[in-house]
Structure formats: structure tokens, C-alpha cells
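Below are the chains, spelled out letter by letter.
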2 protein chains.
Amino acid sequence: MSVYLHDIPLSQARARLREALQDADLWRVLGVESIPLDENALGRVTAEPIWAEISSPHYHASAMDGFAVRAIATNGAIPSSPVTLFIGPEAQYVDTGDPLPEWANAVIPIENVESLDEKNQIVDEIRKPKSIRIRAAVPPWSHVRPLGEDIVATQLVLPAGHALRPVDLGAIAASGHQTIRVARKPKVAILPTGTELVPIGSKLKAGDILEYNSLVLASQIKQMGGEPTRFPIIKDDFDLICEKVQEAAQTHDLILLNAGSSAGAEDFSSKVVEKLGTLLVHGVAVRPGHPVILGMVNGQSSIVPIIGVPGYPVSAALTVDIFVEALIAKWLGRPALELPIETATLTRKLVSPAGDDDYVRVAVGKVGDKLLAAPLSRGAGVITSLVQADGLALIPSGVQGMEAGESVKVHLYRSKAQIDKTIFCIGSHDLTLDLLAQFLAEHDRRLASANVGSQGGLVALRRGEAHLAGSHLLDPNDGSYNISYIRQYMPNMSVKVIALVGRDQGLMIKKGNPKGIKSLGDLSRPEVQFVNRQRGAGTRVLLDYHLDLMKLSFESIAGYASEEYTHLGVAAAVASDRADCGLGIAAAAQALDLDFVPLFQERYDLVIPNEHAQSKLLAPLFDLIMEPAFRNSVSKLTGYDVSVMGRIILED
Amino acid sequence: MSVYLHDIPLSQARARLREALQDADLWRVLGVESIPLDENALGRVTAEPIWAEISSPHYHASAMDGFAVRAIATNGAIPSSPVTLFIGPEAQYVDTGDPLPEWANAVIPIENVESLDEKNQIVDEIRKPKSIRIRAAVPPWSHVRPLGEDIVATQLVLPAGHALRPVDLGAIAASGHQTIRVARKPKVAILPTGTELVPIGSKLKAGDILEYNSLVLASQIKQMGGEPTRFPIIKDDFDLICEKVQEAAQTHDLILLNAGSSAGAEDFSSKVVEKLGTLLVHGVAVRPGHPVILGMVNGQSSIVPIIGVPGYPVSAALTVDIFVEALIAKWLGRPALELPIETATLTRKLVSPAGDDDYVRVAVGKVGDKLLAAPLSRGAGVITSLVQADGLALIPSGVQGMEAGESVKVHLYRSKAQIDKTIFCIGSHDLTLDLLAQFLAEHDRRLASANVGSQGGLVALRRGEAHLAGSHLLDPNDGSYNISYIRQYMPNMSVKVIALVGRDQGLMIKKGNPKGIKSLGDLSRPEVQFVNRQRGAGTRVLLDYHLDLMKLSFESIAGYASEEYTHLGVAAAVASDRADCGLGIAAAAQALDLDFVPLFQERYDLVIPNEHAQSKLLAPLFDLIMEPAFRNSVSKLTGYDVSVMGRIILED
């Protein structure tokens, strides 16, 4: 079965596309158009250098409100021996911007003259005295903006290939232009294919897939300076796809054929390209996105490049970044976008296929002096990982993986200033963290939270890899929370621990509780399928503690080994019948409309090393915890007790 | 005469505006609107947090093309002892994205199965075998995207106050939304006032000022996310301005009243604000831009803030950056823009009024390890200084000036990557540098050139403040160019000197040569007014050399002390009758339609320290000098000889 693609290296794939475009004389600015000089020109790219038609100012202009004079006539004026100049032949009032009279070569600002009437008395009339008296000489050309001070006719105002900013438009106007020659916008057709696709907003049944890739792709194209056209969804029908591709090729400069780029039974893209033109590349050694297709099909007057874009949303978006951005840039004549690259420390081990350039979405934060890159979900279907990503860490082909603590190059989506405002929270997940993120965003901070369980959070703090951690670790010896674990996992570190919430832990059970589950004891019934939290999670510790008290063995529980990483993950497992129940918080059960049997209340704390607790970065967080609006929002969630919120549990 | 403004500190001015807006309940998101989820939503700012309505995937989906199975049924399968599963009850073909059958909990990728017919023979038919044979067991949930893998219903997808990017739109669609609630765009009226103003594209007479501030301001507002309205030009008429301000206040959230904000005779803005509402501030201790007016006027339903924006284009643009950006940000609910700040070394002394926050436009380049800030023209009318600026150096109030070599904070307009591509050229000016800038822009380099004369360039190279310098310094002892000066000004430095052009130097004279000027000898005629180049310029050295040969004293030349800094500056002085003639190059004379009397040919070289000559940064420059297209463009300029171009003059 020919189900394998022959991946070629990224640089080679790009080179093939480029060569094909060069052969077709399409590796250049596509076309030039004249547009009016107005605010719609913003962001357009100059197609030609702009040379000044006129000078600015185009005459000698007064730079102040005052009197135009001959500089030589002011010679000798000193405080004790003023010089008087008669209005008319020797001095003339000028406003800022007025042209100098032919005979004048300097301006005396109004605040430096005494206005006199016919009797040489000082008058208060600024503009129409009979004469003026001055007590200081002025050199030639003082307070004058000479012709050409800003722009001299014929000089270069802007080079070609320049994306226009507001001040550029002013300079172009000042240099005598009324229109600008810019590169025309490349027209890009986006064709979503797939029988299983349904439009955004559809009522969904199992198997339906919301078609939003074309929205993301069109938005990317628009942001790059292109002009996208979204085609309606096309069914998986070879002839139909061929027809639509041919239609698109008549009026577009580039075709993005979304999905069907792999080698499965319904993956028609490569065959379509082969039929209508030339298949250049099928499969690139880059992740995500490797089943990419590059080709050329016949258009109206010339051939048209076509890119088979993989169907997974992350692969689709990154394929456009990797292959299309540079092409649009070339077609517009502007430099290709280059993300700033910084070196960061990886917070956990990454495995990567040795043959591929592997782009890993990472959250980036600065903790102390260290720039950290925390890998996010690597699933190609997880678009929220791109939403949360602060950058892409590149694991180059030839490298099979990287260890935690290693340095990695990160292509940054965000500015340094934004990253400096990021509060890095690693540890146990709680729904209040979502609310906290929302409130912090309103206070000029960004909360990036990675959920690695309570113990994982304390370990991350010890390693200096987070500003704070959420934790709810029960000490089975004395029923206290967190303190003994902090001493164990973070020895010799001064920390502040502040209570966030008290919350119910209990069993999330399928609506109606068909199996009649009422307590932990029911977990050992053979027909009850359980779903667990991962090792190190506070909820897992709680479970194990109570199982131990009850002398229930792990082995007796079906599904004990099946792990989810968040409360909502557990709830989703129950909601979708993957399990009958799981231990977690009430809010998660409510969110997915599950029954809930409360078993225990526990305290959820924020653990903050002192060096961060006193930082300006975290100040808004402490303010928020004391703010009634935030407290109120949390108390509206089921199963939360806000009476402990803000209580100092430990302050070293 | 009450011509002085009472400037208040910037922070105080901002606070007054903010307090007035708070009192009027306008210091908040102005309004919320629902818009469709399409590519026009790009850049809009979320007005509310976006919570997931549905999960994604909303069912357990196959992550691969393959066969859905019960994981338990694969137990025990090993290469030597395969397991056979019957299609139907035990295995079912699924494409990527298909829902799993109720009974299945894992997927085996198609490349890991053998498809069998009814006789247990391997067949090539992928999708419809009778049974499949596998040689490895699979754990539960392998190759499955479980319900909620990307998004779990009720989770926070995006916070409020978030400017939407392409991937955000995808995540919003995936979480079940079809519309988005965003902050409405603030409406900003821009009123240009001034009897002397004429629209862009007008035929100009002396005293006419092109009205392009409203274009720049409108473009800034648009870029910030507001909706600008440009009003037609309004004459300097108090009642008319009042009428238009009242009209604008009916339908806008903010009024920018351009010019008339100073305290001159025709500066009506403050009186208009006083008449129609409350004048909060007149005059802010910030440069450029100090005659700013802040006030509130009565609108339809509420009061409307009004800003009197100074008339000089640089002041106008910076006033909008300084006062309006933060306001638009607040009204949209997004964070205010913060330019990245870097510390750079100042290349020359700056004087600054002690009471003001002084923003100085600077070119920024990295030479070796040093980030340099070279101050550009400080004239508030020089919009090209904003076009060329890579950032703003802030000289805070309380500091009266800074010396060359001091560290200064620079607010950067450009990314580090762009600055890393900047070739810093300081020295003598030549028109070919404009062409070089244009060609370099096409080769992914930016040429920032500051004109300080030939000697100034060599001094800058010695100080490590430029990558290269243009120089045409004649040694009067042996008629050679540059070498002896390089040894004198750059002792112990290894340099490469490469010839750029041979060029004619001669007298630029008013068209028709009314005073019959034919040689340097004519400069001593009393009726001949000369305009000189600045001390240190190669052209000045050339002049002095020949005056010395001719035994002509400087004092005998009227205008010898009057200095311009570029060839075009000299040409403009002659074209505008400020002088009868000046020494310079043919191209400049031709540009401004002057007569030209060639006197000498000289060589114009590029001087490049070896450390830079070998850098990747400068490689495209050396390529260009050898490129026929560039050579051709230069040879089209009058008075240039390209035969020497690229000749190595010195290589240490």
C-alpha cells in the first residue's frame, strides 16, 4: 500500500517552489497599481522608489510668529542701545509658516520686540505697530525654515518595497504626490474540501467537523497583505475538486487547497494537482504540517501555484506561515517577516523525530533572569495551543529530542515587553485560574498557566521555572495542606503561601447516576470504570490517602491507571462514557452537566517564592485576591468557598 | 503680551485629561457590538471573555486513517503471533476525524495492519477487507483525539481586551461561536484649520501650506483601531471653527483640532475650547509638541474630549502618539502600545531645555557590539526625520543636555532584526547614496546615512560609530584622495577603501548666470553672494585648497561663513536666491535646474574598517557595486564617472 509520503527537507521544498515560480516568471512583484494618497494606503507596499517632486518648504518660511527683517539691519542692537526698525521697509509682521518678503532674511520672534506707535510709545497691539524696537542683533536665517529644510526636490523620499506607515503618507504628500504606486495585492483562493465539514455555527452531530480553517487561512493572508477569497465547502469528489481548482486558477494568484493532502483513501489533493498541472512536492520533513503538497496548475494566462494544506488546524496555520508568507512578501516586494529569535531554557523533555524540523508551540515567560520555554500541547488538532503560544521552539532535523534545562531557539510571537508582563503559573489546575487570567488581563498582566499537578508545580518553583504554583497537597499525617510538601520539595527557599479557595472534591458521575455510585467504596465494583488524575496531582494524593484509609487496593479499581491531566479532562471522560466516574471538583462536573457526590473539602493555595512575591509583576495578583469583584465571580462557581481567600498561610 | 504658555509636566497633563474623562464616565470601553466571525474581525478587541460553548472535538475522533478496535481485543498480539479481528464486530475502518463506534476505544493506523480477504489472504484493498491482522497490541485511547482534547465546554478561550489574531478566530469558531462581542471603534474627528492650508496635490504658491497633517493623524487613528473622519480645511475664523467643533462633537468620541494651538494672533483653539466647554491644559512641557491643548466640549449626549494638536507635522504626529494612543487603547479595552526600550550610545552632543521631556528622533544602528543612536534633524517641521527615525531618544526633564558617548534610553520603532540589517553610513553626502539605499532595500539591507562631512565620517569610524563612511578628501600635498586623512584620523585601524564614483565639482549658479560667474575668481566680486559647505566637508577642503592656490582670502568672499550641510542644500540656497552660487556637484545643480560650471573632477570613496568589510551585513553592498544595474543607474546622473567604481584603493 502506497500510504507513505516521501518527505523532503524544508529548505529543498522551498527551493523547488521558488524555482518553479522563477521558471514561470512569478518570483517577483506581481503587479503595480496607482492608489490615492489617503488612509487606505496604510500598509500598502511601495512598488517604486518615491522621489520628491517639490521641495518642502517650497519657499523660505517664517518659523515663528514675529517680524521679518534684514539681519544686517539688526547689527549693533544690544540691551542698552536698541535698534528701531520701521514697519514696511524694514520689518514686516509674519505668522508661523508665512513666506518671508523678498528683501528679508531673518525673523525676530514676537516676544523679543517692543511694538511702538508713531510717538515711539510701547503699545500692546501685536501686529500693527508703526515700528519695532529690538535689543539684540540676529544672524541671517535665524527663525527661518529655508526652502528645502525638510525635503529637497529630486531627493529619495522612500525606497521601493516599503510598507507605508502614517508618517510616510505625510512625507509623500509633502514631496508633491497625490497618488502612490504600490504593489497590487496577491489574490489567494482558499478551497476547503471534505464531506465531513460543516460551516461555522452549524448544529453538530458526531463526525461533523466545523470548517474554520478557511477563516484562519483567509485572516492570515489578509494580515500578510494579500486578498483572500474563501470558497464554499467542497465535498470529497475528485471531479468536483478539479472543477473548483480550475475555476479558482482563472482569477487568483495562489490556491490553497485545504485538507486531502495526506495519502489516505479520500486524499485527492495530490491527484488533482497531478491532473491539472505539475506536482512538485508531496511531503515535507517538517512538523506539524508534513503532508504538504506544492505544485503548479494552469491558470488563465499563466500557471498558478497551488499548495495542498494539511487539514489539522495547527498544521494548516503553520504551513501558511512557513510557505506562503515569504511568497506574499516576494509578490509585494517587501521583506519577508522574520520573527525575533531568543534562546530560552526548556522546562521539560521533548522527543522529536530525528528527520524533521519540528516546531513546538511554547509558552514563554521570564522568571528572574531566565527566559523559559514551556512546551504546550503538541497535538496538530489543538488550535488553542497556537492561541496560547508565545512562540515556536525549533528542534532542528538531526536532533532527536531535548532534555529539560537545555537551551532552545524560540521564534517569538510576542514582544519582550509582553513577555515581561507574563506571570508564569505552573502546578495544579483550578477553574479559578481561568477567572484569574481574565481579571489579570484587565490589569495589564498575562497569566500563562501550565498544568503539571501540585507536586510538579513545587518542583518547577524549586528549579526557578515559574513565578507561582497552585497547590492542594494534603499531608496525611496532620491534615494540613502544602506546607510539609513545600519544605520537602523546596528546601531552603523562602516562600509566601496564600489561600485562594476552599473547594469541594467529590465524584463526578454520569447524569442520573445509572450505576448508583455513592462513595469511594463503589470504585472497586467490577462494572464501575474509573478515570484517574496523573501521578503528583493533589487530587491523586487525596484519592490515594482515602483509599489507604479504606484499605482499598489500586488494583481493585478498573481504570485506576487511566490518567487525565485536568479536572475538566476527567469530567469530559465521564461525559463521553469513557468512564463512569472520576474524582474532581464540583465546578468541572457542573460545566459538563454531570452529577456530583461531594466527599471532602480541601484548600487550594498559591505558593509564591518570596523573590517573586515582592516583585512589581505580581502586585496586581495580590490586589485582585482582595478585590470584591473577583471574589464575587469565584463565589458564583459551584463548590467554592471564598471565605479563606487571601489568608496568609505561610510567610517566611 | 500674553504670548507665553504655562507648560505643565507631561504626567500632570495626562492625569488631568484622565480625571476629566473619569468624571464624565468616559475612562472605560466606550461600547460593545456583535460582529460576525469573519476575517474582518481581525484586530478587533474582545469586549468580554469568550467561554467555550461546545467542546472540540465534540466526540471521540480518530486521529489517523485506520481501524477502530477495542484495545482489549489486541492484547497479546506480537510479530510472531498475530491477532486477527473481523470487520464489523471487532474492527471498523475510520478516516482521520471520523467518530469512533460506541464500542471502540482505540485506532490502529492503516500502515500497521494486514488486510485479509475471506480466505485470510492479504489483499491490497485498504478499506473493505473481511478481516485485519495485527502484530502489536495497542493501549486504550491510542490514535484517538478524545472529546475535549482541544477545548472543553465552559473553559476560557480568550480573555476580554484581546486583539484578535488569525488563530484566535479559529479557536472562537471551534468553541461554538458564530459572532463575537467586540469594543466598538472610537470615532475621531480631525479638523484641520488654517487659512494658509491647501489640499494635497494643489498647485502651490508661496505661503501655501499643504494640508497633510489630517492624513497622518487619520492614519494613526486607523492604525490604533479608531475610526477617523477627516473634515475639510477650515479657515482661521473663530465662529466657523466653533461651528465645526460643535458639529463634530455630535457624532464623535474625540476631536483633534489641528493647529491654532499656540498663543499667536490667529491661534483660536484655546478660545474655542473655552467657549464650548472646559480648557484643562494649555501647554505641556514636552518637545516636540509643547503647545498642546486638552479640553472637554459639549457633545450630543455627553461631553467630548478635544485635543488641540500643534501645527508642525512632527509635533502633530507625536502629540497623537503621546496623548491619543493610550486613550484609544482604554476605549477599546486593550493594553496601550509600549515601544520596546533599549539603551544606546549617543553619537553627538544634544542640548535640551531642562524643563521639558524632550523626544529626539534618532537613527539606530548596531556597529560591532554597540547600539548607536544618531540624532536626526530636530526641526518640528521636518517630517522626513520621523520617516527616517528608528526610534525616539528621551532626554527627560531635569536634564539639560547629553554629551556624545553618553547612554540614552531609546523607544524603538523597529525590531531588533531590522536594526541588525541596518548599514550605518556616516560621512560626506552624495546622491549615489540615495540610489545605493534603494538598491540595498531590494537586498534586505537598510542604509541609514547621516551626513557629517568627510572628516566627520572618518572620526565616526574611529569611534566605532559607523560601518562605513563616504569620503572625498583631497590631500593638497600629492593630489591623492582620502588615504593620508585615514592615516591621520584613524591611526592603527585596518581599513578597506573602495572607489565609488568620480564626480565633477563646480559652481552651481542661478539659471542664465545673470552675474556672469565663470570661475572661483568671481567669488571675490562684492556683488556675488556665495554659499559654503560646512567645515570638514570634502567640498570645503577642495575650495580652501584652490582658494589658497589662487591666494584668495576667505574674507574677500561674501557668504563664505554661510554653511549648508549637503550639496542639495547648497543648490536650494542658490535656487531660492539666498546666494548667487556655491561649490558642489553637477547632479545637485541639475536636480534644481541650475547652471553648472565644472571646475574639477574628484574621487568619492567608501571607507570601511576591515572588521565590517568582512561582515555578512555589508556583503550585499560589495555585490551591488559590481552589479551592472546599479552602475547603470549611477551613470545616468549628470557629472558622474563610473569607470572607477569598485576599484580597491586600499586594503590593509
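Novice: Any chance you could break down the overall build of chain A for me, citing the residues and the numbers?
Specialist: On a plain count of helices and strands, chain A comes out with 17 helices and 38 strands. Compactness check: chain A gives a C-alpha radius of gyration of 35 Å against a globular reference of 26 Å for 652 residues, more than 25% above the reference. The dimensions of chain A, computed from C-alpha atoms along their principal axes, are 115 × 70 × 45 Å. Restricting to contacts in chain A with at least 6 residues of sequence separation, those with at least 24 account for 74%. Working note: accessible area of chain A is about 25,500 Å², and carbon and sulfur atoms make up 50% of it. Charge centroids of chain A, computed over 61 positive and 75 negative side chains, lie 2 Å from each other.

Novice: I'd love a proper account of the layout of surface pockets, names of residues and values included.
Specialist: Looking at the second largest pocket, its volume works out to about 900 Å³. As for the second largest pocket, its lining consists of 30 residues, and the residues nearest its centre are A:Ala104, A:Asn105, A:Trp141, B:Asp577 and B:Arg578. Within the lining of the second largest pocket, the residues separate by chemical class into 17 nonpolar, 7 polar and 6 charged.

Novice: Give me the lowdown on the relation of the copies chain A and chain B, citing residues and values where you can.
Specialist: When chain A is brought onto chain B, the operation consists of a screw motion whose angular component is 180° and whose axial shift is 0.0 Å, with 0.1 Å RMSD remaining. Such a combination of rotation and displacement between the chain copies is what one expects of a two-fold axis. Considering only C-alpha atoms, the residue of chain A closest to the rotation axis is A:Ser415, which sits at 4.6 Å. Taken as a fraction of all interface residues of chain A, those also at the interface in chain B reach 100%, which identifies the copy contact as same-surface.

Novice: So, the sheet that holds strand β6 (residues 91-94) of chain A: which residues are in play, and what are the values?
Specialist: All names here are of chain A. Across the sheet, which stays open at both edges, the 3 strands sit in the order β6-β4-β7 with antiparallel pairing between neighbours. In the strand order of this sheet, the two ends are held by β6 and β7 (106-109), each with one partner. Strand-to-strand twist across the sheet, computed as the mean angle between neighbouring axes with direction ignored, equals 35°.

Novice: If you had to explain the pattern of salt bridges to someone new, which residues and values would you point to?
Specialist: Residues and elements named next belong to chain A. Summed over all chains, the structure comprises 66 salt bridges over all chains. As a salt-bridge pair, Lys-349 and Glu-403 come within 3.3 Å of each other at their nearest N and O atoms. Taken together, the positions of Lys-349 in the loop between β22 (341-346) and β23 (350-351) and Glu-403 in the loop between β27 (401-402) and β28 (407-412) put the pair 54 residues apart, joining distant regions of the chain. Judged by relative accessible area, which is 48%, Lys-349 ranks as partly exposed. Classification of Glu-403 by relative accessible area gives partly exposed; the value is 42%. Overlapping salt bridges, with partners in common, bring together Glu-114, Arg-133 and Arg-135 in one network.

Novice: Let's hear about the environment of A:Leu280: which residues, and what values?
Specialist: All names here are of chain A. Within the element layout of this structure, Leu-280 appears in strand β18 (residues 277-282). Distance in space between the C-alpha atoms of Leu-280 and Ser-262 is 15 Å, their sequence separation being 18 residues. For Leu-280, the contacting residues outside a window of four places in its chain are Arg-16, Leu-17, Ala-20, Leu-294, Gly-295 and Met-296.

Novice: I'd like a description of helix α13 (residues 567-575) of chain B, backed by residues and values.
Specialist: Residues and elements named next belong to chain B. Most of α13 sits out of view: 8 of its 9 residues are buried. Within α13, burial applies to His-567, Leu-568, Gly-569, Val-570, Ala-571, Ala-572, Ala-573 and Val-574. After α13 finishes, the residue Asp-577 shows a positive phi value of roughly 70°.

Novice: Please provide a residue-by-residue account of the pairing of strand β7 (residues 106-109) of chain B, values included.
Specialist: All names here are of chain B. Neither face of β7 is exposed, since Ala-106 and Ile-108 on one face and Val-107 and Pro-109 on the opposite face are all buried. Pairing analysis gives 4 bridges linking strand β4 (residues 66-69) to β7, with the strands arranged antiparallel. Bridge pairing in β7 places Val-69 opposite Ala-106.

Novice: Describe the packing of aromatic side chains, naming the residues involved and giving the relevant values.
Specialist: Inspection of the entire model under this criterion finds 8 aromatic pairs over all chains. Here A:Phe439 and A:Phe630 contribute two aromatic rings whose centre-to-centre distance is 5.3 Å and whose plane-to-plane angle is 70°, an arrangement assigned as edge-to-face. Here A:Phe439, found in helix α9 (residues 431-441), pairs with A:Phe630, found in helix α17 (residues 628-635); they are 191 residues apart in sequence, far enough to count as distant. Of the two residues examined, A:Phe439 and A:Phe630, each falls in the buried class. When the centroid spacing of 4.5 Å and the interplanar angle of 5° are considered together, the rings of A:Phe554 and A:Tyr560 count as stacked. For A:Phe554, a relative accessible area of 36% puts it in the partly exposed group. Just above the ring of B:Trp141 sits the side chain of A:Arg578; from NZ or CZ to the centre is 4.3 Å. The ring centre of B:Phe622 lies 4.8 Å from the NZ or CZ of B:Lys496, which sits over that ring.

Novice: With reference to specific residues and values, describe the interface of chain A and chain B.
Specialist: Frequently, the measure chosen for interface size is the accessible area that the parts lose on association. If you look at the interface, chain A gives 105 residues, while chain B gives 105 residues. Counting across the interface, chain A meets chain B through 4 salt bridges. Across the pair B:Arg230 and A:Glu39 runs a salt bridge whose closest N-O atoms are separated by 3.1 Å. At the junction of chain A with chain B, the criterion picks out 24 residue pairs in polar contact (both at pLDDT 80 or more). Secondary structure elements with two or more residues in the side of chain A that touches chain B: β11 (156-158), α2 (166-174), β15 (209-211), α3 (213-224), β16 (227-230), α7 (383-388), α9 and α13 (567-575) of chain A. For the side of chain A that touches chain B, the element with the highest residue contribution is α2(A), accounting for 8 residues. By residue class, the composition of the side of chain A that touches chain B is 58 nonpolar, 21 polar and 26 charged.

Novice: So, the environment of B:Ile423: which residues are in play, and what are the values?
Specialist: For B:Ile423, the position within the fold is in strand β29 (residues 422-427). Once the C-alpha coordinates of B:Ile423 and B:Leu617 are considered, the two residues, 194 residues apart in sequence, prove to be 7.2 Å apart.

Novice: Lay out the sheet that holds strand β21 (residues 303-309) of chain A in plain terms, naming residues and giving numbers.
Specialist: All names here are of chain A. Across the sheet, 6 strands lie side by side as β16-β13-β17-β21-β20-β18; this open sheet has mixed pairing. Only two strands of the sheet have a single neighbouring strand rather than two, namely β16 and β18. Shown here is a sheet whose adjacent strand axes are inclined to one another by a mean of 20°, direction ignored. Pairing of strand β17 (residues 254-258) with β21 involves 4 bridges; the strand directions are parallel. Note on β21: the bridge partner recorded for Ile-255 is Ile-306.

Novice: Describe the domain arrangement of chain A, listing the residues and the values that go with them.
Specialist: By the assigned domains, chain A splits into domain 1 (10-28 + 185-332), domain 2 (32-57 + 149-183), domain 3 (61-145), domain 4 (341-413) and domain 5 (440-651). Taking the mean C-alpha position of each, domain 2 of chain A and domain 5 of chain A sit 59 Å from one another.

Novice: For the side chain of A:Asn213, give the residues involved together with the corresponding values.
Specialist: All names here are of chain A. By the secondary structure assignment, Asn-213 is in helix α3. Polar contacts involving the side chain of Asn-213 include one to the main-chain carbonyl oxygen of Gly-311, which spans 2.8 Å. The contacts of Asn-213, once residues within four sequence positions are left out, are Asn-258, Pro-310, Gly-311, Tyr-312, Pro-313 and Ala-316.

Novice: Mind laying out the packing of helix α3 (residues 213-224) of chain B against helix α6 (residues 313-332) of chain B, listing which residues take part and the relevant values?
Specialist: Residue and element names in this part refer to chain B. Between α3 and α6, the least distance of the axes is 10 Å, while the angle of their chain directions is 25°. As summarised for this structure, α3 and α6 are arranged roughly parallel, according to the angle between their axes. Crossing angle aside, the handedness with which α3 passes α6 is right-handed. Two secondary-structure elements touch here, α3 through Asn-213, Val-216, Leu-217, Gln-220, Ile-221 and Met-224 and α6 through Pro-313, Ala-316, Ala-317, Val-320, Asp-321, Val-324, Glu-325, Ile-328 and Leu-332. When grouped by side-chain class, the residues that make up the contact of α3 with α6 number 11 nonpolar, 2 polar and 2 charged.

Novice: Please give an account of unusual backbone geometry that cites residues and values.
Specialist: Residues and elements named next belong to chain B. With an omega of -10°, the peptide bond between Ser-56 and Pro-57 qualifies as cis. When you line up the elements, Pro-57 lands in the loop between β2 (50-51) and β3 (61-62). For the bond from Arg-287 to Pro-288, the omega torsion is -10°, close enough to zero to count as cis. For Pro-288, the location among the structural elements is in the loop between β19 (286-287) and β20 (293-298). Unusually for a residue other than glycine, Asp-25 sits at a positive phi of about 55°.

Novice: Explain helix α10 (residues 453-462) of chain A to me, and be specific about the residues and the numbers.
Specialist: All names here are of chain A. Burial within α10 is extensive, with 8 of its 10 residues counted as buried. Those residues of α10 that fall on the buried side of the exposure criterion are Gly-453, Ser-454, Gln-455, Gly-457, Leu-458, Val-459, Ala-460 and Leu-461. Looking at the buried positions of α10, the neighbouring elements they touch are β29 (422-427), β30 (446-451), β31 (469-471), α11 (483-489), α12 (538-549) and β36 (595-609). At the exit of α10 stands Gly-464, carrying a positive phi of roughly 75°.

Conventions adopted
Residues numbered from 1 in each chain as written. Chains lettered and ligands numbered in written order. Predicted model: local features only at pLDDT ≥ 70, side-chain atom pairs only at ≥ 80, totals over all residues. Heavy atoms only, no water. Helix = DSSP H or I, 4+ residues; strand = E, 2+ residues; numbered from the N terminus. Rg over C-alpha atoms; globule rule 2.2 N^0.38 Å. Contact = heavy atoms within 4.5 Å. Areas by Shrake-Rupley, 256 points an atom, 1.4 Å probe, with all protein chains shown as cover. Lys, Arg positive; Asp, Glu negative; His and termini not counted. Charge placed at Lys NZ, Arg CZ, Asp CG, Glu CD. 1 Å grid on protein atoms, 1.4 Å probe; cavity = no way out; pocket = protein on both sides within 12 Å on 5 of 7 lines; lining within 4 Å. Points joined across faces, edges and corners; volume = space filled by probe spheres on them. Nonpolar A, V, L, I, M, F, W, Y, C, P; charged D, E, K, R; others polar. Least-squares fit on C-alpha atoms with pLDDT ≥ 70 in both. Pairing = 2+ DSSP bridges. Axes fitted to C-alpha atoms, helices over the stretch in contact; angles between N-to-C directions. Salt bridge = Lys/Arg side-chain N within 4 Å of Asp/Glu carboxyl O. Buried < 20%, exposed > 50% of the residue type's maximum accessible area, 1.4 Å probe, protein only. Phe/Tyr/Trp six-rings, centres within 6.5 Å; stacked < 30°, edge-to-face > 60°. Lys NZ or Arg CZ within 6 Å of the ring centre and 35° of its normal. Polar contact = N/O pair within 3.5 Å; in protein donor to acceptor, adjacent residues only side chain to side chain. Domains from an automatic or database assignment. Parallel < 35°, antiparallel > 145°, perpendicular 65-115°, else oblique. Left-handed = near helix turned anticlockwise from the far one by under 90°.

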